[in-house]
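One letter stands for each residue in the lines below.
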Amino acid sequence: MEKVLDVEDSPERETGPKAKRKKSEGNAPQGCIDLTEDSPTCSSKQQQTTTTDKLSVISWNVDGLDTDNLANRAKGLCSVLVSHTPDVVLLQELIPNYIRNLKKWAVHKGYTVIEDEKGDYFTGMLLKNSRVQLLESEIVTYPTTQMTRNLLVAKVSFKGQELWLMTSHFESCKENGEERMKQLRLVMKRMREAPDNVNVLFGGDTNLRDTEVAKVGLPSGVLNLWERLGKQEQCRYTWDTKVNTNKNIPQICRFRFDWVYLRPATREGVPHQTPDHMALVGLQKLHCGRYTSDHWGIYCSFSAE
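Quick caveat: nothing in here was measured; it's all calculated off a predicted structure.

## Points about the overall build of the protein chain
Here is step 1 of the chain: Scanning the protein chain for helices and strands turns up six helices and 15 strands.
Here is step 2 of the chain: Burial analysis of the protein chain (305 residues in total) assigns 56% to the buried set.
Here is step 3 of the chain: Within the protein chain, contacts between residues at least 6 apart in sequence are counted, and of these 75% link residues at least 24 apart.
Here is step 4 of the chain: Counting only carbon and sulfur atoms, one obtains 48% of the accessible surface of the protein chain, whose full area is about 13,300 Å².

## A short note on the pattern of salt bridges
Here is step 1 of the chain: Enumeration according to the criterion identifies 13 salt bridges in this entry.
Here is step 2 of the chain: With its nearest N and O atoms 3.3 Å apart, the salt bridge here joins K54 to D276. With K54 in the loop between helix 1 (17-26) and strand 2 (55-61) and D276 in strand 14 (residues 273-281), this residue pair connects regions lying 222 residues apart in the sequence.
Here is step 3 of the chain: Linking E115 and K103 is a salt bridge whose minimum nitrogen-to-oxygen distance equals 3.0 Å. Highlighted residues: E115 in strand 4 (residues 111-115) and K103 in helix 3 (residues 96-108), separated in sequence by twelve residues.
Here is step 4 of the chain: Taking relative accessible area as the criterion, E115 reaches 23% and is therefore assigned partly exposed.

## Here's the deal with the environment of D87
Here is step 1 of the chain: Note that D87 resides in the loop between helix 2 (70-84) and strand 3 (88-94).
Here is step 2 of the chain: Expressed as a C-alpha distance, the spacing of D87 and L127, which sit 40 residues apart in the sequence, is 6.0 Å.
Here is step 3 of the chain: There is a polar contact of 2.9 Å between the side chain of D87 and the backbone nitrogen of S56.

## Let's talk about the pairing of strand 4
Here is step 1 of the chain: For strand 4 and strand 5 (residues 122-128), the ladder comprises five bridges, and the chain directions are antiparallel. Each residue of the ladder has a partner; that of I114, found in strand 5, is M125.

## Quick look at the environment of V82
Here is step 1 of the chain: Inspection of the secondary structure assignment puts V82 in helix 2.
Here is step 2 of the chain: As for V82 and K109, which are separated by 27 residues in sequence, their C-alpha atoms are 8.8 Å apart.

## Notes on the sheet that holds strand 14
Here is step 1 of the chain: In spatial order, the strands read 4-5-3-2-15-14; together these six strands make up an open sheet with mixed pairing. Only two strands of the sheet have a single partner each, and these edge strands are strand 4 and strand 14. Shown here is a sheet whose adjacent strand axes are inclined to one another by a mean of 15°, direction ignored.
Here is step 2 of the chain: Sheet topology places strand 2 next to strand 3; five bridges connect them, and they run parallel. Across the sheet, the residue bridging to I58 is V89, located in strand 3.
Here is step 3 of the chain: Each of strand 2, strand 3, strand 5, strand 14 and strand 15 (297-304) is contacted by helix 2, which is oriented at about 170° to strand 2, the strand it contacts most.
Here is step 4 of the chain: Those strands touched by helix 3 are strand 3, strand 4 and strand 5, and its axis lies near 160° from that of strand 4.

## With respect to the packing of aromatic side chains
Here is step 1 of the chain: Going through the model one piece at a time under the given rule, you end up with nine aromatic pairs.
Here is step 2 of the chain: Seen from their ring centres, W259 and Y261 are 6.3 Å apart, and the 5° between their planes marks the pair as stacked. Like Y261, W259 is buried.
Here is step 3 of the chain: Grouping aromatic residues by their ring pairs yields a cluster made of Y142, F170, F202, W226, W259 and Y261.
Here is step 4 of the chain: One cation-aromatic arrangement involves R256 over W259; the distance from NZ or CZ to the ring centre is 5.1 Å.

## Some points on helix 4 (residues 177-192)
Residues separated by three or four positions in an α-helix point in the same direction, a consequence of the helix having 3.6 residues per turn.
Here is step 1 of the chain: Here helix 4 contains 16 residues, and its C-alpha end-to-end distance of 22 Å stays within 8% of the 22 Å for a straight helix at 1.5 Å per residue.
Here is step 2 of the chain: For helix 4, the set of buried residues is G177, E179, R180, M181, Q183, L184, L186, V187, M188 and M191.
Here is step 3 of the chain: The inward-facing, buried residues of helix 4 contact strand 6 (132-141), strand 7 (150-158), strand 8 (161-168), strand 9 (199-205), helix 5 (210-216) and strand 13 (258-263).

## Focus: the nonpolar core
Here is step 1 of the chain: L151, L165, M191 and Y261 are the most contacted members of the largest nonpolar core, which has 50 residues in total.
Here is step 2 of the chain: If you tally residues by element for this core, the top one is strand 7, at six residues.
Here is step 3 of the chain: In this view, M191 contacts M166, V200, F202, V222, Y261, L262 and R263; residues no more than four positions away in its chain are not counted.
Here is step 4 of the chain: By size, the runner-up hydrophobic cluster in this structure holds 28 residues, among which are L91, W105, A106 and Y111.

## Quick notes on the side chain of T292
Here is step 1 of the chain: Its place among the elements puts T292 in the loop between strand 14 and strand 15.
Here is step 2 of the chain: The residues touching T292, leaving out its near neighbours within four places in the chain, are W60, V62, R73, G76, L77 and L286.

## Regarding the sheet that holds strand 7
Here is step 1 of the chain: Reading across from one edge, 6-7-8-9-13-10 is the order of the six strands in this open sheet, with mixed pairing throughout. Of all strands in the sheet, those bounded by a partner on one side alone are strand 6 and strand 10 (223-224).
Here is step 2 of the chain: The sheet contact formed by strand 8 and strand 9 spans four bridges and is parallel. Within the sheet, the bridge partner assigned to M166 lies in strand 9 and is F202.
Here is step 3 of the chain: Sheet strands in contact with helix 4 are strand 6, strand 7, strand 8, strand 9 and strand 13, and its direction is about 25° off that of strand 13.

Parameters and conventions
Residues numbered from 1 in each chain as written. Predicted model: local features only at pLDDT ≥ 70, side-chain atom pairs only at ≥ 80, totals over all residues. Heavy atoms only, no water. Helix = DSSP H or I, 4+ residues; strand = E, 2+ residues; numbered from the N terminus. Buried < 20%, exposed > 50% of the residue type's maximum accessible area, 1.4 Å probe, protein only. Contact = heavy atoms within 4.5 Å. Areas by Shrake-Rupley, 256 points an atom, 1.4 Å probe, with all protein chains shown as cover. Salt bridge = Lys/Arg side-chain N within 4 Å of Asp/Glu carboxyl O. Polar contact = N/O pair within 3.5 Å; in protein donor to acceptor, adjacent residues only side chain to side chain. Pairing = 2+ DSSP bridges. Axes fitted to C-alpha atoms, helices over the stretch in contact; angles between N-to-C directions. Phe/Tyr/Trp six-rings, centres within 6.5 Å; stacked < 30°, edge-to-face > 60°. Lys NZ or Arg CZ within 6 Å of the ring centre and 35° of its normal. Expected span 1.5 Å × (residues − 1). Core = buried A, V, L, I, M, F, W, Y, C linked by side-chain atoms within 4.5 Å.

Function-wise, these values are silent; they only describe arrangement.
If you want it as structure tokens, here you go:
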């Protein structure tokens, strides 16, 4: 019988920033990631057209610190973006070489790129120019982080209404649960205190364990998309070594580290966003024999009511 490890006895997928840096430095550098060639996916995908009424978002930890097959894996990301044409892309664990080349591709495809390029790895966003207009952005530091983690916030206009976008990569490793909960509380506070005419969306790699989420809780008005949409089994795990072999972990470890939260606008007469769809992306192996990331990405869409 296969063993599915609990969080407490699972091998750590991350061992802190020092180990991450060594991993990145220990691989042969890839000076240029050419994202203009055809994507290396194992099967063709039919390009979808962006709907005019729905907001579409992808959140994904792209595991840039794993530099093995990085060029092919970056092309895998671009293939998914071409296929789904999201309005907003929230990315975690980018590295300078990855974002530098992704930016060239994104600008060519009509996206504005926002990144927090501090340290060896960081977060970023892509905003589709024809649908989303950037108003301002900021980086909110987590006061007690030991891994230089922070919250990237972009205030944008979508269909003439203000929308706040947030992404983050919470503190890693089992022993840092207290810090993760502090970071979740800060995010929830920012979402709760946003003006009531603004829809607020967070997507990121939280590294949260179920017990930590339960301890913090969600404030009134903030929705957990996976739960709101019926806890679909096919979307339950975003880090799943039963299927994803990128890390070559012999044990089966299946967790939901990646979350999307929404605080709809509440002011009377103002459109509020409602989640209507969620799916995992990046489930196909690339020609190089690996997946785009050790995480699955999350694709979701929202309707205004």
